[in-house]
Amino acid sequence: MADRQTATGDIGLVQAFVNTADLQDGPEELEDSNTLQAWLVAKGLLDSSQTADASDLKHAIALREAIRNVIGASSGLSRIYPVDVATLNGTASASGLRMRFGAEGKARLEPESPGVVGAMGRIVATLYSAMEDPDWTRLKLCSSPPCRWAFYDRSKNHSSRWCTMASCGNREKARRFRSHTKTDS
Ligand SMILES: [Zn+2]
């Protein structure tokens, strides 16, 4: 949707990964191992000579949903499940993330593993640096339960709750109104 707010930099990459699926209306961008490979190459996380398989796809989707819950927890909306923590830690270990200093003298986490395993490690490393950014808390999940889109809250007092007021905000208000009148009658 055109009016959904997007972030840039590390937060923007985390947001783009989580939003490869529009849970409510579709599409699912990571529908097979080829679209996963193409997405990772397009984001500069994978060399175009490397391929992805079905288990990479399964892992990528598990990682994506774990990160969605991390964002939900930081916006006070949902909790992080033990399986999400295991997925994040497993990805970090499998990719062999280690600290490296670049030529400019700045430290960053880089994976030792090649291929999609390494690319998944780059996403976890990006999540780590995104969480260090003071604007991290602006990345939120939409409060509408079927939506759970990751949006970047640009409002002055960080008070936005829905990815778009026009769609999710109004739908949620209507839903609450209906359930409220039901309990009252
Ligand atoms: Zn929404």
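Residues numbered from 1 in each chain as written. Predicted model: local features only at pLDDT ≥ 70, side-chain atom pairs only at ≥ 80, totals over all residues. Heavy atoms only, no water.

A. Layout of the nonpolar core. Leu 36, Leu 40, Ile 67, Ile 71, Ile 123 and Trp 136 are the most contacted members of the largest nonpolar core, which totals 33 residues. For this core, the secondary-structure elements that each account for two or more residues are α1 (9-18), α2 (33-42), α3 (54-74), α5 (115-132), β3 (139-141) and β4 (150-152). When neighbours within four sequence positions are excluded, Leu 40 is seen to be in contact with Leu 45, Leu 46, Val 116, Ala 119, Met 120 and Ile 123. Judged by nonpolar contacts, the second largest core, of 7 residues, contains Cys 142, Trp 149, Trp 162 and Cys 163. (Core = buried A, V, L, I, M, F, W, Y, C linked by side-chain atoms within 4.5 Å. Buried < 20%, exposed > 50% of the residue type's maximum accessible area, 1.4 Å probe, protein only. Helix = DSSP H or I, 4+ residues; strand = E, 2+ residues; numbered from the N terminus. Contact = heavy atoms within 4.5 Å.)

B. The arrangement of the packing of aromatic side chains in detail. Taken as a whole and assessed by the stated rule, the structure comprises 1 aromatic pair. When the centroid spacing of 5.5 Å and the interplanar angle of 45° are considered together, the rings of Phe 17 and Trp 39 count as tilted. Of the two residues, Phe 17 is situated in helix α1 and Trp 39 in helix α2; the sequence distance between them amounts to 22 residues. For the residue pair Phe 17 and Trp 39, the accessibility class agrees, reading buried in each case. (Phe/Tyr/Trp six-rings, centres within 6.5 Å; stacked < 30°, edge-to-face > 60°.)

C. Looking closely at the coordination of the zinc ion. Surrounding the zinc ion are the protein donor atoms Cys 142 (SG), Cys 147 (SG), Cys 163 (SG) and Cys 168 (SG), which sit 2.3 to 2.4 Å from the metal. Coordination at the zinc ion comes from 4 donor atoms whose angles at the metal span 104 to 117°, giving a geometry best classed as tetrahedral. (Donors = N, O, S within 2.8 Å, 3.2 Å for Na, K, Ca; no water. Tetrahedral: all angles 85-135°; square planar, octahedral: opposite > 155°, others 65-115°.)

D. Quick look at the side chain of Thr 20. Assignment of secondary structure puts Thr 20 in the loop between α1 and α2. Among the residues examined, Thr 20 registers a relative accessible area of 0% and is labelled buried. Engagement of the side chain of Thr 20 in a polar contact is seen with the side chain of Arg 64, the distance being 2.9 Å. Ignoring sequence-local partners within four residues, the contact set of Thr 20 consists of Pro 27, Glu 28, Glu 29, Leu 30, Trp 39 and Arg 64. (Polar contact = N/O pair within 3.5 Å; in protein donor to acceptor, adjacent residues only side chain to side chain.)

E. Seen up close, the pattern of salt bridges. Applying the stated rule across the entire model yields 8 salt bridges. A salt bridge links Glu 110 to Arg 108; its shortest N-O distance comes to 3.0 Å. Of the residues examined, Glu 110 reaches a relative accessible area of 29% and is grouped as partly exposed. Between Asp 153 and Lys 140 there is a salt bridge, with the nearest N and O atoms lying 2.7 Å from each other. With Asp 153 in the loop between β4 and α6 (165-184) and Lys 140 in strand β3, this residue pair connects regions lying 13 residues apart in the sequence. Look at Asp 153 and you get buried, because its relative accessible area is 0%. Each of Glu 28, Arg 64, Glu 65 and Arg 68 takes part in a single network of salt bridges with overlapping partners. (Salt bridge = Lys/Arg side-chain N within 4 Å of Asp/Glu carboxyl O.)

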